[in-house]
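Each chain, letter by letter, is given below.
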Amino acid sequence: MHPPLDRPHPRCQLEINGLRECHETKASKLRFWACNDAKASLDKCFREEKEEMLRKMNADLDEKKREEQEQAALAFGRKETFREFLAKDPTYEREVERERQRQKSWFSMF
């Protein structure tokens with residue numbers, strides 16, 4: 001399945017037109033696999049389009065997360081983020097180290 005072809009896909013318009021033309025031919029009515037090449041190129045184009053869109057959306061994700069953590073710290077009346085709090089917490093550090101040791105001993109059995 002592919003997304004609706006009615007919405008604009010400027011990068012993939014050639015592939016969309018190719019698939020539509022293939023579907024209009026008699027060959028595609030007789031053989032289901034007649035348009036597989038056109039469909040594969042359309043899928044590849046859509047995948048590249050999606051990857052580019054996600055790259056743009058997530059470009060400044062780390063900065064957004066940092067700002068979000070700072071705002072949460074202010075809202076709860078703390079001067080440090082949750083990660084900074086955990087880094088100073090000795091109980092948390094002990095538990096993390098205990099879990100690492102447990103995993104090491106489990107993997108050393110093989």
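This text goes with the structure placed above it.
Computed from a prediction, not measured in an experiment: that's the story for all the values here.

Here is what the cut-offs are and how they apply
- Residues numbered from 1 in each chain as written.
- Predicted model: local features only at pLDDT ≥ 70, side-chain atom pairs only at ≥ 80, totals over all residues.
- Heavy atoms only, no water.
- Core = buried A, V, L, I, M, F, W, Y, C linked by side-chain atoms within 4.5 Å.
- Buried < 20%, exposed > 50% of the residue type's maximum accessible area, 1.4 Å probe, protein only.
- Helix = DSSP H or I, 4+ residues; strand = E, 2+ residues; numbered from the N terminus.
- Contact = heavy atoms within 4.5 Å.
- Expected span 1.5 Å × (residues − 1).
- Lys, Arg positive; Asp, Glu negative; His and termini not counted.
- Salt bridge = Lys/Arg side-chain N within 4 Å of Asp/Glu carboxyl O.
- Polar contact = N/O pair within 3.5 Å; in protein donor to acceptor, adjacent residues only side chain to side chain.
- Disulfide = S-S within 2.5 Å.
- Axes fitted to C-alpha atoms, helices over the stretch in contact; angles between N-to-C directions.
- Parallel < 35°, antiparallel > 145°, perpendicular 65-115°, else oblique.
- Left-handed = near helix turned anticlockwise from the far one by under 90°.
- Nonpolar A, V, L, I, M, F, W, Y, C, P; charged D, E, K, R; others polar.

Within the largest apolar cluster, ten residues are counted, these being Leu 5, Cys 12, Ile 16, Leu 19, Cys 22, Cys 35, Ala 38, Leu 42, Cys 45 and Phe 46. Those elements that provide at least two residues to this core are α1 (13-24) and α3 (36-57). In this view, Leu 5 contacts Ile 16, Leu 19, Arg 20, Leu 42 and Phe 46; residues no more than four positions away in its chain are not counted.

Here we come to helix α4 (residues 61-75). With 15 residues, α4 extends 21 Å between its outermost C-alpha atoms, agreeing within 8% with the 21 Å of an ideal straight helix rising 1.5 Å per residue. Gly 77, located one to two residues past α4, shows a positive phi value of around 75 degrees.

Mapped onto the secondary structure, Glu 49 falls in helix α3. For the buried Glu 49, which has no salt bridge, the nearest side chain bearing the opposite charge is Arg 7, at an N-O separation of 4.2 Å. Within polar-contact distance, the side chain of Glu 49 engages the side chain of His 9 at 3.0 Å. Setting aside residues up to four positions removed in sequence, Glu 49 forms contacts with Arg 7, His 9 and Arg 11.

Within the structure shown, the criterion is met by two disulfides. Here Cys 12 pairs with Cys 45 through a disulfide, and the sulfurs are 2.0 Å apart. With the S-S dihedral at roughly -95 degrees, the linkage between Cys 12 and Cys 45 falls on the left-handed side. Of this pair, Cys 12 sits in the segment before α1 while Cys 45 sits in helix α3, and the two are 33 residues apart along the sequence. Across the pair, Cys 45 and Cys 12 agree in class, each one buried. Cysteine pairing for the protein, with bonded cysteines counted in sequence order: 1-4, 2-3.

Here α1 crosses α3 at 155 degrees, and the two axes come no closer than 9 Å. One element, α1, and the other, α3, form an angle in the roughly antiparallel class. For α1 against α3, the interelement crossing comes out left-handed. Taken together, the residues of α3 that come into contact with α1 (itself represented by Glu 15, Ile 16, Gly 18 and Leu 19) are Ala 38, Lys 39, Ser 41, Leu 42, Cys 45 and Phe 46. The class makeup of the residues in the contact of α1 with α3 is six nonpolar, two polar and two charged.

To continue, consider the pattern of salt bridges. This model, assessed by the stated rule, comprises eleven salt bridges. The partner of Glu 70 in a salt bridge is Arg 66, with the nearest N and O atoms 2.3 Å apart. You can see Glu 70 and its partner Arg 66 sitting in helix α4, four residues apart, about one turn around the helix. For Glu 70, a relative accessible area of 36% corresponds to the partly exposed category. Salt-bridge contacts for Arg 100 lead to Glu 97; the nearest nitrogen and oxygen are separated by 3.7 Å.

Taken by themselves, the reported measurements are silent on function.
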